[in-house]
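Architecture at a glance
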Amino acid sequence: MTPQDDLGRAVEAVLFAAEQPMTIEEIKAHVGSQADVRGALAGLEALYAGRGIELVRRGERWHFQTAADLAHLLRRDREEARKLSRAGIETLAIIAYHEPVTRGEIEAIRGVQISKGTIDVLMEAGWVRPAGRREVPGRPLTYATTAGFLSQFGLATRRDLPGIDDLKAAGLLDPVDLAFEAELEGEASETVTEDE
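What you see is a predicted model; the values in this text were computed from it and never measured.

The next subject is the pattern of salt bridges. Here the structure, examined in full by the defined rule, presents 7 salt bridges. Linking Arg86 and Glu90 is a salt bridge whose minimum nitrogen-to-oxygen distance equals 2.9 Å. Highlighted residues: Arg86 and Glu90, both in helix H4 (residues 86–98), separated by 4 residues, approximately one helical turn. Two residues, Arg110 and Glu90, come together in a salt bridge whose shortest N-O distance is 2.7 Å. Of this pair, Arg110 sits in helix H5 (residues 103–110) while Glu90 sits in helix H4, and the two are 20 residues apart along the sequence. Owing to a relative accessible area of 22%, Arg110 belongs among the partly exposed residues under this scheme.

With 13 residues, H4 extends 18 Å between its outermost C-alpha atoms, agreeing within 8% with the 18 Å of an ideal straight helix rising 1.5 Å per residue. Buried positions along H4 lie against strand E3 (101–102), H5, helix H6 (118–124), strand E4 (128–133), strand E5 (141–145) and helix H7 (147–152).

Moving on, we come to the packing of aromatic side chains. By the definition in use, this model includes 4 aromatic pairs. Measuring from ring centre to ring centre gives 5.1 Å for Phe149 and Phe153, while their planes differ by 50°; the resulting arrangement is tilted. By relative accessible area, Phe153 is classed as partly exposed at 43%.

The next point concerns the environment of Glu12. Mapping Glu12 onto the fold places it in helix H1 (residues 3–17). On a C-alpha basis, the gap between Glu12 and Ile27 in space is 9.8 Å, while along the polypeptide they are 15 residues apart.

Considering the arrangement of structural elements, one finds His63 in strand E2 (residues 61–66). The residues touching His63, leaving out its near neighbours within four places in the chain, are Pro21, Glu54, Leu55, Val56, Arg58 and Ser151.

Looking now at unusual backbone geometry. Residue Glu99 is joined to Pro100 through a cis peptide bond whose omega torsion reads -10°. Among the secondary structure elements, Pro100 is positioned in the loop between H4 and E3. One non-glycine residue, Arg139, lies in the positive phi region at around 40°. With respect to the helices and strands, Arg139 occurs in the loop between E4 and E5.

All right, on to the layout of surface pockets then. Its boundaries defined by the atoms lining it, the second largest pocket holds a volume of some 180 Å³. Around the second largest pocket sit Leu15, Phe16, Ala18, Glu19, Gln20, Pro21, Ile53, Trp62, His63, Phe64 and Ser151, which together line it. Among the elements of the structure, H1 and E2 are those that each provide at least two residues to the lining of the second largest pocket. The residue makeup of the lining of the second largest pocket, split by class, is 7 nonpolar, 3 polar and 1 charged.

Taken together, 3 strands build an open sheet; the order of strands is E3-E5-E4 and the sheet is antiparallel. Of all the strands in the sheet, just E3 and E4 have a single pairing partner and so form its edges. Judged from the 4 bridges that link them, E4 and E5 form a sheet pairing that is antiparallel. Paired with Pro130 across the bridge in E5 is Tyr143.

Calculation notes
Residues numbered from 1 in each chain as written. Predicted model: local features only at pLDDT ≥ 70, side-chain atom pairs only at ≥ 80, totals over all residues. Heavy atoms only, no water. Salt bridge = Lys/Arg side-chain N within 4 Å of Asp/Glu carboxyl O. Helix = DSSP H or I, 4+ residues; strand = E, 2+ residues; numbered from the N terminus. Buried < 20%, exposed > 50% of the residue type's maximum accessible area, 1.4 Å probe, protein only. Expected span 1.5 Å × (residues − 1). Contact = heavy atoms within 4.5 Å. Phe/Tyr/Trp six-rings, centres within 6.5 Å; stacked < 30°, edge-to-face > 60°. 1 Å grid on protein atoms, 1.4 Å probe; cavity = no way out; pocket = protein on both sides within 12 Å on 5 of 7 lines; lining within 4 Å. Points joined across faces, edges and corners; volume = space filled by probe spheres on them. Nonpolar A, V, L, I, M, F, W, Y, C, P; charged D, E, K, R; others polar. Pairing = 2+ DSSP bridges.

Below, the structure is given as structure tokens:
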């Protein structure tokens, strides 16, 4: 057995026993600071590909999870979680796409005030966190998404969020929004034509 095999087994054991996803530095604290943990993770990722459990990266953290195509086998009857309100969904989307963002910026984008508990609900779910204060008068608090948000929605990074073209292709945009966008594009082309 090679030292790399021993390292792979050690990293596997550490991740398997961990209660939370771990960073490479946290893994190195268990297996040695000079260890090639990144290489061991790549080997484990390949070893577990296509199996009942898989090694996944969420942000900068690694953990084992049930293969996505088998998750339905493990679902148990449980109390139905409270659904997020439309305001909550809109607020979460704004934070995810514009982070770090202040409450005032969220309200400006949505066009309405945020009810007092909307951000609290997102924080209780573990999807949003305070991200410091903006260096402007009043020093408003900013908000950003968490590793829990990435994990909940199956994203490795925020760059994996769908873009406008992806949303259009999936039919997830409101037809009123699409009509409004087309109207704006029409006005923009008319302005260019008049200026020429």
